[in-house]
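# Structural features, examined
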Amino acid sequence: VNFTVFQWVVFPPLVLLALLDGYRVLFAKPTFRRDRFLRFVVWLVAAAAVFNPALASEVAAAVGIGRGTDLVLYLFVVAFLFAAFYFYSRSVRTERQLTQVVRHIAVMEAKRGAENANRS
Amino acid sequence: VSAEVEPWVVIAAYNEEPRLALTLEKLLAAGYRNVAVVDDGSRDATAEVASRFPVWVLRHLLNLGQGAALQTGIAFALKQGAEVIVTFDGDGQHDPTEIPRLIAPILSGEADCALGSRFLGKAENITFARKLVLKGGVLFTRLVSNVRVTDTHNGFRALSRSAAQKIKITHNRMAHASEIYDRIREHHLRFVEVPVTIRYSAETMAKGQSSWGAVRIVLDLLLGRVVK
């Protein structure tokens, strides 16, 4: 195989990651299987794109985007926006749950202040 | 609702140690016995100051924001059987002697919510910038919540028990004011505006909200609508 330095550095770890997550898909608990599978696919696609850079360009041309790098960039932007929104809504939900807990404790532990004025 | 009803006064207090004692003294002197102070995770001695007075003291373990603190106080007051709930600022910008006028429309059954309006009443020593931002808030509320009010983000309000049960504040920070208008419209609550005096002083302005807070409010509201 006639690899560039970049390919030598990036391709083997990607293959390892793909193998690792592929193995986990088979043996993980069902609750995590979907996440593992998604990661397995991402590593696999990335490995394929590094192995054969022309591949990304061919897919890009097929969907009407000029260059392979542009395709990767667009996918990255979409993934970023998706992730940003996902984590935003997660944090809003977490904050609401936290509020419920803090409120519950505040109401349970409500105390009456001094009945006699001692306000110095 | 009978005329015998004693209102509950809910105060959301965050770092109000220097101003809270005077506020509570005035409230108690005016004869209000059901007072709930919610210390919203203050870093100063707000809760300790409140504990020196015959009032209920609730503490948020974390600072969550004014909306969250008000909702905690309202939930507590409802649990205690409150028929009328007044929200009151801890920093002394509201006048306890105006409470009877504020709750009158609720006691008479004329309205479910009474909203204090500083623009129908008096805004003492208000700065031009603050006035501009608040008027912008009024316009925003009319456009987005479609409720015709003359003042918005005025913390001096009174709610009937049933209105307080329907208005559940989920916006923890300052956007809760707009949220209240949304609930009023959704539940077809009857509201009146009552002229009140808001006293701006060096202290309240030093502590209070920066006018930039308005930007945060709009962001919270718009983003909050996307997440259910």
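Residues numbered from 1 in each chain as written. Chains lettered and ligands numbered in written order. Predicted model: local features only at pLDDT ≥ 70, side-chain atom pairs only at ≥ 80, totals over all residues. Heavy atoms only, no water.

### Re the pattern of salt bridges
- In total, this model carries 13 salt bridges over all chains according to the counting rule given.
- A salt bridge links A:R112 to A:E115; the shortest N-O distance between them is 2.8 Å.
- Between B:R183 and B:E186 there is a salt bridge whose closest N-O contact spans 3.1 Å. In this pair, B:R183 and B:E186 are both assigned in helix 7 (residues 176-186), three residues apart and thus about one turn of the helix distant.
- One connected set of salt bridges, linked through shared partners, spans A:D21, A:R24, A:R36 and A:R39. (Salt bridge = Lys/Arg side-chain N within 4 Å of Asp/Glu carboxyl O. Helix = DSSP H or I, 4+ residues; strand = E, 2+ residues; numbered from the N terminus.)

### Re the interface of chain A and chain B
- Taken together, the contacts link 25 residues of chain A with 28 residues of chain B.
- Counting across the interface, chain A meets chain B through zero salt bridges.
- Our count for the contact surface shared by chain A and chain B stands at nine residue pairs in polar contact (both at pLDDT 80 or more).
- For the side of chain A that touches chain B, the secondary structure elements donating two or more residues are helix 4 (68-108) and strand 1 (111-112) of chain A.
- If you tally residues by element for the side of chain A that touches chain B, the top one is helix 4 of chain A, at 14 residues.
- Pairing between strand 1 of chain A and strand 3 (residues 56-59) of chain B: two bridges, direction antiparallel. (Contact = heavy atoms within 4.5 Å. Polar contact = N/O pair within 3.5 Å; in protein donor to acceptor, adjacent residues only side chain to side chain. Pairing = 2+ DSSP bridges.)

### Remarks on the packing of aromatic side chains
Residue and element names in this part refer to chain A.
- For the structure shown, the criterion picks out 10 aromatic pairs over all chains.
- Between Y23 and F27, the ring centres sit 5.0 Å apart and the planes meet at 45°, which makes this aromatic pair tilted. With Y23 and F27 both in helix 1 (residues 5-27) and four residues apart, this pair spans about one turn of that helix. F27 carries the same exposure label as Y23, and that label is exposed.
- Three or more aromatic residues joined by ring pairs form one cluster here, namely F3, W8, F11 and F51. (Phe/Tyr/Trp six-rings, centres within 6.5 Å; stacked < 30°, edge-to-face > 60°. Buried < 20%, exposed > 50% of the residue type's maximum accessible area, 1.4 Å probe, protein only.)

### Quick word on the side chain of B:H60
- With respect to the element layout, B:H60 can be found in the loop between strand 3 and helix 3 (66-79).
- Within the structure, B:H60 has its side chain in polar contact with the side chain of B:D40 (distance 2.8 Å).
- Not counting chain neighbours up to four residues away, the residues in contact with B:H60 comprise A:V102, A:R103, A:A106, B:V38, B:D39, B:D40, B:G41, B:A68, B:A69 and B:T72.

### Some points on the confidence of the model for chain B
- For chain B, per-residue confidence averages 85 on the pLDDT scale, and residues scoring 70 or more make up 92% of the total.
- Scored as a complex, the prediction yields pTM 0.77 and ipTM 0.81. (pLDDT = per-residue confidence, 0-100.)

### Things to note about the nonpolar core
- Judged by nonpolar contacts, the single largest core of 35 residues is most densely connected at B:V9, B:I11, B:L24, B:L27, B:V35, B:V37 and B:I99.
- Discounting residues that sit within four places of it in the chain, B:V35 has contacts with B:W8, B:V9, B:I11, B:L24, B:L27, B:V55 and B:W56.
- Membership of the second largest hydrophobic core comes to 30 residues, among which are A:A110, B:W8, B:V38 and B:Y181. (Core = buried A, V, L, I, M, F, W, Y, C linked by side-chain atoms within 4.5 Å.)

### Digging into the environment of B:V38
All names here are of chain B.
- Along the chain, the position of V38 falls in strand 2 (residues 35-39).
- C-alpha of V38 to C-alpha of Y14: the two residues are 24 residues apart in sequence and 8.4 Å apart in space.
- Non-local contacts of V38, meaning those with residues more than four positions away in its chain, are made with I11, A12, A13, L58, H60, A69, T72 and G73.

### A few points about helix 4 of chain A
- Here helix 4 of chain A is 41 residues long and its end C-alpha atoms lie 60 Å apart, about the 60 Å a rise of 1.5 Å per residue gives.
- A:G68, A:L71, A:S89, A:V92, A:T99, A:V102, A:R103, A:A106 and A:V107 are the residues of helix 4 of chain A that are buried.
- In this structure, the buried side of helix 4 of chain A is in contact with helix 3 (53-62) of chain A together with strand 3 and helix 3 of chain B. (Expected span 1.5 Å × (residues − 1).)

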